[in-house]
Each structure stands twice: as structure tokens, then as C-alpha cells.
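# Observations on chain architecture
Chain by chain, the residues run as shown.
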Amino acid sequence: QVQLVESGGGLVQAGGSLRLSCAASGRTFSTYGMGWFRQALGKEREFVAAITWHGVSTRYADSVKGRFTISRDNAKNTVYLQMYSLKPEDSAVYYCAADRQRLRSGVPGPLAYEYDYWGQGTQVTVSS
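Being a predicted model, the structure only gives us computed values, none of them experimental.

## Some points on the environment of Gly 26
Locating Gly 26 in the fold gives a position in the loop between β3 (18-25) and β4 (32-39). Along the backbone, Gly 26 and Thr 52 are 26 residues apart, and their C-alpha atoms lie at a distance of 17 Å. Every residue in contact with Gly 26, bar those within four places of it in the chain, is listed here: Gln 1 and Asn 77.

The structure is reproduced here in C-alpha cells:
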């Protein structure tokens, strides 16, 4: 089992940057692909980015491609989401999640049901 705790959210002006962290407990973290999702008020949860368990391959939603970077440090049991050029429409609660399949050969997919473990979320607010 994996327990996830996000941090790093906050209030930032449009054009600014933030780095989110997701700290995981458990010795098996390094065997799980990881994803970031977000949910804005009144909207459905949406995929943001994902990374393989070994950190070699990544996947991004079109809306964040070129602005966000997902990475991980397995020695620290942590996955990151570096966000640049933030826009007001990026405002949401951001969640990290662990793939339901360990040691997946490819990047985890963009659908929430493909992830078994979720953090509690961290709020990101981008002011215009």
C-alpha cells in the first residue's frame, strides 16, 4: 500500500511558477508509475501528467504541455510537478496518484480509474 501527501500549493500570479511535491510512504513507491490530476471547483477531475515507475517516460495533457514538468526521485519517495507560466485556468486542487499496476512497461494512462492510491490534494490558485 502507498500513502501519498501533496504539498507546495498556494496563491500565485498569472505567469508565475510553483512546484508541487508528493511524498509517498512505503518501500514499494519506486515500482509505481505516478500521475497528477486536478479538479477545479464545479468541474470533473482531469488528468495533468504521468510518469513511469523508473522516471524515463512521461505523458502530459495538451493543456499543460510545454509549461508543466513531472519528475520523480525514487530515493526520496517523491514525485514532483513543476509548473511554469501559470494561468488562472490552472487553478484547482491538485492530486497525485499511484498507478494500480506496479512495474507497468508504459506510462500510466490519463483515466482516474487506472490509479489506486490518491493523496488529499493541494490547492493551487492563480490570480489574473
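## What to know about the environment of Gln 13
Considering the arrangement of structural elements, one finds Gln 13 in strand β2 (residues 10-13). The exposed category is assigned to Gln 13, whose relative accessible area is 62%. Each C-alpha atom of the pair Gln 13 and Val 107 lies 31 Å from the other, and the pair is 94 residues apart in sequence. Residues within four places of Gln 13 in sequence aside, it is in contact with Val 126 and Ser 127.

## Let's talk about the pairing of β3
Of the pairings in the sheet, the one linking strand β1 (residues 3-7) to β3 comprises five bridges and is antiparallel in character. Each residue of the ladder has a partner; that of Glu 6, found in β3, is Cys 22. Examined bridge by bridge, β3 and strand β8 (residues 78-83) share six bridges and lie antiparallel to one another. Looking across to β8, one finds that Cys 22 is bridged to Val 79.

## Remarks on the side chain of Glu 114
Following the sequence through the fold, Glu 114 ends up in the loop between β9 (92-102) and β10 (115-118). Buried charge without a partner: Glu 114 forms no salt bridge, and the closest opposite charge is Arg 104, 4.6 Å away. Ignoring anything within four residues of it in the chain, the contact list for Glu 114 reads Asp 99, Arg 100, Arg 104 and Gly 109.

Conventions used here
- Residues numbered from 1 in each chain as written.
- Predicted model: local features only at pLDDT ≥ 70, side-chain atom pairs only at ≥ 80, totals over all residues.
- Heavy atoms only, no water.
- Helix = DSSP H or I, 4+ residues; strand = E, 2+ residues; numbered from the N terminus.
- Contact = heavy atoms within 4.5 Å.
- Buried < 20%, exposed > 50% of the residue type's maximum accessible area, 1.4 Å probe, protein only.
- Pairing = 2+ DSSP bridges.
- Lys, Arg positive; Asp, Glu negative; His and termini not counted.
- Salt bridge = Lys/Arg side-chain N within 4 Å of Asp/Glu carboxyl O.

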